[in-house]
Each structure stands twice: as structure tokens, then as C-alpha cells.
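# Structural overview for review
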Amino acid sequence: MTFEDDADLDLLVVGSGVAGLSAAVRAADTHGFRVGVLTKGDLEQSTTRWAQGGVAAVLSGDPDSTDLHLADTLAAGAGLCDIDAVRVLVEEGPSRVRDLITLGAAFDRDDQGRLELAREGGHSLARVVHAGGAATGAEIERALVAAVRRSAAAIHENQFALDLVVEAGRCVGVRAADGTGVTRVVRARHVLLAAGGAGQLFAVTTNPIEATGDGVAMALRAGVAVADVEFVQFHPTALHHPRMPRPLLSEALRGHGALLRDTTGVQFVDELLPRDQVSRAMTRRMLELDVDHCWLDATGLDHFVERFPTIASALEEAGLDPSRDWLPIAPAAHYLCGGIVTDLDGASSLPGLWAAGEVACSGVHGANRLASNSLLEGMVFGARVVEAVQRGVEHASATGAMRSVSETADHSPIGGRPVEFRADVSPLGAAAPDVMAGQASPTSIPTAIPTSADIAGARHRMQRAMTAGAGVLRDADSLHRTAVAVADAAALAAQGSGADCWELANLATIAGALLAAATLRTESRGAHTREDFPSASAEFTARLVVTAGVRPATPSAGRLSP
Ligand code: SIN
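The numbers attached to residues start from 1 for each chain and follow its sequence in the written order. Since the coordinates come from a predicted model, pLDDT governs what is reported: local features require at least 70, and pairs of side-chain atoms require 80 or more to be given and counted, while whole-chain, interface and lining totals use all residues. The side-chain figures draw on all heavy atoms in the structure; neither hydrogens nor water molecules are used.

### Points about the side chain of T73
Runs of H or I in DSSP of at least four residues are treated as helices and runs of E of at least two as strands, each being numbered from the N terminus. Mapped onto the fold, T73 is located in helix 2 (residues 63-76). Exposure is judged per residue with a 1.4 Å probe applied to protein chains only, and the accessible area is read against the type maximum: over 50% gives exposed, under 20% gives buried, and values in between give partly exposed. We classify T73 as buried; its relative accessible area is 1%. Residues in contact with T73, not counting those within four places in the same chain, are C81, V86, V364, L370 and N373. We call two residues contacting when some pair of their heavy atoms lies within 4.5 Å.

### Side note on the packing of helix 12 (residues 452-470) against helix 14 (residues 499-520)
Where helix 12 contacts helix 14, the two axes come as close as 10 Å, and the packing angle between them is 20°. As the angle between them shows, helix 12 and helix 14 are arranged roughly parallel. The two elements helix 12 and helix 14 meet at a crossing, and its hand is left-handed. The residues of helix 14 that touch helix 12, namely those facing S452, I455, A458, R459, M462, M466 and A470, are D500, C501, E503, L504, L507, A508, A511, L514 and L515. To obtain each axis, a line is fitted to C-alpha atoms, and for helices this fit is confined to the stretch in contact; angles are then taken between N-to-C directions over 0 to 180 degrees. Should an angle fall under 35 degrees it is taken as roughly parallel, and over 145 as roughly antiparallel, whereas 65 to 115 is taken as roughly perpendicular and any remaining angle as oblique. Here a crossing is taken to be left-handed if its near helix is turned anticlockwise relative to the far helix by less than a right angle, and right-handed if that turn runs clockwise.

### Re the site of the ligand
We call a residue near a molecule or strand whenever a single non-hydrogen atom of that residue lies within 4 Å of it. Within the structure, the ligand sits among Q52, G53, H235, L248, S250, E251, R275, H334, R369, A371 and S372. Nitrogen and oxygen atoms within 3.5 Å of one another constitute a polar contact, given that in protein one can donate a hydrogen and the other can accept it, and given that sequence-neighbouring residues count only through two side-chain atoms. In this structure, an oxygen atom belonging to the ligand sits 2.7 Å away from a main-chain N or O atom of G53. Between an oxygen atom of the ligand and a main-chain N or O atom of E251, the distance comes to 2.7 Å. For the ligand, whose accessible area on its own is 260 Å², the fraction buried by protein is 95%. Put simply, Ala, Val, Leu, Ile, Met, Phe, Trp, Tyr, Cys and Pro go in the nonpolar bin, Asp, Glu, Lys and Arg in the charged bin, and everything else, Gly too, in the polar bin. Residue classes in the shell around the ligand are distributed as two nonpolar, six polar and three charged. Per-residue and other accessible areas were derived by the Shrake-Rupley procedure at a 1.4 Å probe size, with only the shown protein chains allowed to occlude residues.

### Things to note about helix 12
One less than the number of residues in a helix, times 1.5 Å, gives the span that helix is expected to have. Taking 1.5 Å per residue, 19 residues should reach 27 Å; helix 12 reaches 26 Å between its end C-alpha atoms and fits that length. By the burial criterion, the buried members of helix 12 are I455, G457, A458, R459, M462, Q463, A465, M466, G469 and A470.

### Some words on the sheet that holds strand 11 (residues 232-239)
Taken in spatial order, the four strands of this open sheet run 11-14-13-12, and their pairing is antiparallel. Bordering the open sheet on either side are strand 11 and strand 12 (259-261), each of which pairs with just one other strand. Sheet twist, expressed as the average angle between the axes of neighbouring strands with direction ignored, equals 45°. At least two DSSP bridges between two strands are needed for those strands to be called paired.

### Some thoughts on the pairing of strand 14 (residues 327-336)
Across a regular strand the side chains alternate sides, sitting on one face of the sheet and then on the other. Burial of strand 14 is extensive: ten of the ten residues sit out of reach of the surface. Bridge count between strand 11 and strand 14: six bridges; the pairing is antiparallel. Considered in strand 14, the bridge of F234 is made with A333. Taken together, the three bridges between strand 13 (residues 294-297) and strand 14 define a ladder with antiparallel strand orientation. Each bridged residue has a counterpart across the sheet, and for L296 the counterpart in strand 14 is L327.

### Quick word on the packing of aromatic side chains
One pair of aromatic rings is described through two measures. These are the centre distance and the angle between the planes. Each pair of aromatic rings taken from Phe, Tyr and Trp, with Trp reduced to its six-membered ring, is defined by centres within 6.5 Å and is described as stacked if the planes are under 30 degrees apart, edge-to-face if over 60, and tilted in the remaining cases. This model, assessed by the stated rule, comprises four aromatic pairs. For the ring pair W295 and W326, a centre distance of 6.4 Å and an interplane angle of 55° mean the geometry is tilted. With W295 in strand 13 and W326 in the loop between helix 9 (309-317) and strand 14, this residue pair connects regions lying 31 residues apart in the sequence. When the ring of F304 is compared with that of F308, the centres are 5.6 Å apart and the planes differ by 55°; the resulting orientation is tilted. Relative accessible area serves as the criterion here: at 7%, F304 is assigned to the buried category. We call a charge positioned over a ring when the NZ of a Lys or the CZ of an Arg lies within 6 Å of the ring centre and within 35 degrees of the ring normal. If you follow R369 out to its NZ or CZ, it ends over the ring of Y335, 4.1 Å from the centre.

### Notes on the environment of A147
Looking at the secondary structure, you find A147 in helix 4 (residues 136-151). With relative accessibility at 1%, the residue A147 sits in the buried group. In sequence terms A147 and G104 are 43 residues apart; their C-alpha atoms lie 9.3 Å from each other. For A147, the contacting residues outside a window of four places in its chain are V25 and L103.

### Some remarks on the packing of helix 2 against helix 3 (residues 83-103)
The N-to-C vectors of helix 2 and helix 3 enclose an angle of 135°; their axes lie 9 Å apart at closest approach. Classified by the angle their axes make, helix 2 and helix 3 are oblique. For the pair helix 2 and helix 3, the crossing hand works out as right-handed. Contact residues: T66, D67, H69, L70, T73 and L74 in helix 2; I83, V86, R87, V90 and E91 in helix 3. Residue classes in the contact of helix 2 with helix 3 are distributed as five nonpolar, three polar and three charged.

### A closer look at helix 10 (residues 374-391)
The terminal C-alpha atoms of helix 10 lie 26 Å apart, and with 18 residues this matches the ideal 26 Å at 1.5 Å per residue to within 8%. Phi turns positive, to about 90°, at G392, one or two residues after helix 10.

### As for unusual backbone geometry
Most peptide bonds take the trans configuration, and most residues that are not glycine carry a negative phi. Between M244 and P245 the backbone carries a cis peptide bond, its omega angle lying at 0°. Mapped onto the elements of the fold, P245 is located in the loop between strand 11 and helix 6 (251-255). One non-glycine residue with positive phi stands out, namely N158, at about 55°. When you line up the elements, N158 lands in the loop between strand 6 (154-156) and strand 7 (160-167).

### Considerations on the nonpolar core
For our purposes a nonpolar core is just a set of buried Ala, Val, Leu, Ile, Met, Phe, Trp, Tyr and Cys residues, chained together by side-chain atoms within 4.5 Å. L201 and M466 are the most contacted members of the largest nonpolar core, which totals 60 residues. With eleven residues, the top contributor of residues to this core is helix 14. Setting aside its immediate chain neighbours within four residues, L201 contacts M462, Q463, M466, L507, I510, A511 and L514. Counting residues in hydrophobic clusters, the runner-up holds 53 residues, among them V13, A23, V37 and L344.

Here it is, written out as C-alpha cells:
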């Protein structure tokens, strides 16, 4: 059964993390918009609530420090950040943190009431505010959920967003299904996708089970420009433990002096390098020694339990005592640096559709995100979307990452080599199995309707293949092998229906885009390491824009900010 929802919404937010909820609160409380929030779980369920370290923000107002935050972000991004987007991030970030404090979020303070600041990898000084030690996301989510429950006009929980509704070239809502499979169309004048990342692409991840790239996959199916999806950040210090998602041992531990050691006890990497470099060094050392973990030595840290209570209790559950034991760690998929291409206001290439947070590619992260810039990005660009809607903005401008879509082929160092990708696996069924046009076909086309166990098995096989072939280290052969597993998963997902099938279809869609871009990017840069092309290449100082289904008439890769 399908029915139209009659709510007359100004803004529909899809997703309930920091980007979506902070935008919803601002839209309703500051501008009096009728706001709806739609999420596939409960409002409280989002990747934000798992975020540990904190929010990088220069709250002192010192311009030198703001410039240093900008410089650290650009350095981590390995040549692919958009400098204008980063400038917006570091300059508007402090005000957004103050908004959260006004809303009731309690950040950690010292005896004099001053905010405590932590240092993390890639930061040249301590500038990360945090809450509950390393439970920052949970505190932010708590404050935002309470505010949204007070001010949103409509909250649609446990509704799976299937696809964007596009009429006359404009996004006018989403089609969503409830737990029984009943679908509905929720209409709004503007739709903000804030549906988070896709850590579930990989077998080993810090992301919760619901991080299945639904927003990016919906955008791909609607022909919306997506970029930088080959850059998946692996967090170096996830606890090596059977539990999934892997418990995170925050970067803040290294900021406080914890050491990285290989299994022979030797220190082999500077602990405060950006996390792509640390994860790569660890993976290589693990391969050399033929082991599956390294050690984090936090035995020298004072007041561990008082400073990091949530990590201390996760360790206690795992039978570890950080004052005595070295902690087993291995890299785990943590953050999708790319996503739906946006301009500096969060506008996508489809009028009426906006994106903010991990689902988006605003240009602030480039090839590798600086630690503790993700919550910050969500709150800064979520707010900018609301302000742009309030000003009556209707179309994206050629600013931020959107410049990559708008540039002409003549100006593009890799123009004429678009990433072609077919995203025709629809969550609603009727799908072509070939999600990896030109790369791989499924080993067989399933004929029977898959059971839940079939779908779960296909998801695990695809996740294992992605970890082995498209993880921290990749090459042309490993990417091609992975594509076969992805094509198999897509073919199976296309035969079924229900949330597990839709998630698998979305994962396969985004995996296809990732593999296509990673195959084309024949260089190593940031979080993308090609063993067969170990150096960065000036030719690839550009974003690869994935346009699904059709070969774009306009160029799909563009120059970056000078
Ligand atoms: C951490 O606390 O290490 C994670 C913070 C982040 O992902 O930026």
C-alpha cells in the first residue's frame, strides 16, 4: 500500500545524527519552519552517539589558532580539501559549539570552569573539546534529541527511506517504508539528507550496524553527483576484539601519551601523525610480522579511569586493565570522507536536495579527515543549509566541492575520464544485477527469493571481500576480485525485499561506486593506498565525481582550490 503523507513540511531531515538534528532544531526554533525528521531507527540511534574524542574548535577566538586549525585540516586532507570549505568550518565551528552549550550539552571543564582541551593525531596543539571523557557524541546526541522532540512538527521513527522523490527536476520528498513494508511518500519543500556513512561496507568497523550508506545510495540512484568515495578512513586504534562494532580507543589516548608498539614491543610510528598514516604503518607492520594486531600501551597514563570512563568500562568488559595491560588494536573502517557533492551551503546537484555531515562531500576532508572534524562539519554545514533555505536559495553554486562538478573539461587535469557507474539496484526490487559496469558481473544470477540467512551471508561475504581487497591497502587485482563479491551481493539483494535487502542493495551500490573510483585513481593519496601506485600523482589532485547510470555529458572531475 502506498499513501501520501499530508504534512506540509518546509524541511524534511533524513537521519538523526548531529548534522540532521542540529539543522532541525535551528530550522524550527530560529526560523519557525515546519520540520520533519525521518530515521530508520529511533531518533537516538545514529553514528554520532558513538563518537568519542570530541569537537575540534578554536573557542578562544585567537585568529592564529584558527589559521593553524585550517592548516592542520589541509595537511591531513593530502591536497584534496577545498580551502574555502575548510575556512568556513574553522571559522563558524566555535559558534556552533556555543549553540550546543546553550542547548544544554555539557562539555568537560576543569576546576576553574574552563573547557578542557585535548590533542589528537594531526593537530599541532590541543583544541578538542569533549564530554564525558570520551563520550562526546552521546552527550551531543542527548541534547539534540531532547530539543528536536520539543520542536519538530513531525518525527517519523523506524521508517526506512527508500528513494528520493523527484518531480520536474526537483527533489520533493522521499519514499519510505515502515517495518511492515507499507510505503509512504513524505513530501517537503526541501529535503536534507543527513543519513551518515557506510562503515558497514567492511567486516571490521567502528560504525554501528545501521551505517549502510543509505543516503549516498539514494543519491546515486537519483543521478545526484557523489565524490571522494574512494577515501574511507580507517581508525588505527580500534580494540582488536570479536565485538562488532569494534570498541574505539580514542585518539585522545595517544594525545595524552599512549604509545603504539608492534607485537615485538617496538615503537614503529609517530603516534600523532594523521590517522591514515598511522593505519597504513600499522597494516604494513602487521603484514611484515604476519600478525593481526598491534599494541596500544597506555600504562603510563595517569587518571585513566577518571579521564576516560567509558573506554575504561569497555576495557573492563573485555578483561583488560589499561594500567597494566598493553591493549590489542587493529585499524577499523571509521569514516567515509566523500559523499554527496555540495556547495558551501550544503546544496547538492539536485535542486531541493541538501546534504550535511558524513553523507556529504563538502570539501572539508579531502583525502583524509582530520580527527574530531566530523561532528564539527555536521553542525556547521547543517546550520548553513537552514540559513540558505531561509534566504530562498534554490540552486547549488560553484563553491566548495561543487566546483568539481561545475568545472569544464578543459580545466580538469583528469577531465574526459569520468567515473562511470551504474546504480540501478533499486531497494524496491526490479534491478539490473550489474552494479559494477565494466568491472564485474555476478558469478550467478539467483533465481529463488533469498531468505534472511542468504542476505546476511551475502552481506558478510561482501564485507570480508571489501576488507581484504578495498581496505587500508588496495591494488588493481584486489579491487577487481572485490567487485565480483559486490556484484554477487547486488544480484541477491535485487531478488528480495525488506530492510535487510534494502541495506544490502545500498551497500552494494556504494561499494560499486567506491571500487570504480578506487580503480580509476591510480595513485596513493590520503586514505587511498594503491600498492601498485605507491606515490601521489599531480594528475590526480582532483575529485573523482561519480555519476551513476549515465556517462555524464559534462566533465566529472575538476580542479581544487588553489
Ligand atoms: C576518536 O576519538 O579517536 C575518534 C574521533 C574522530 O573520529 O574524529
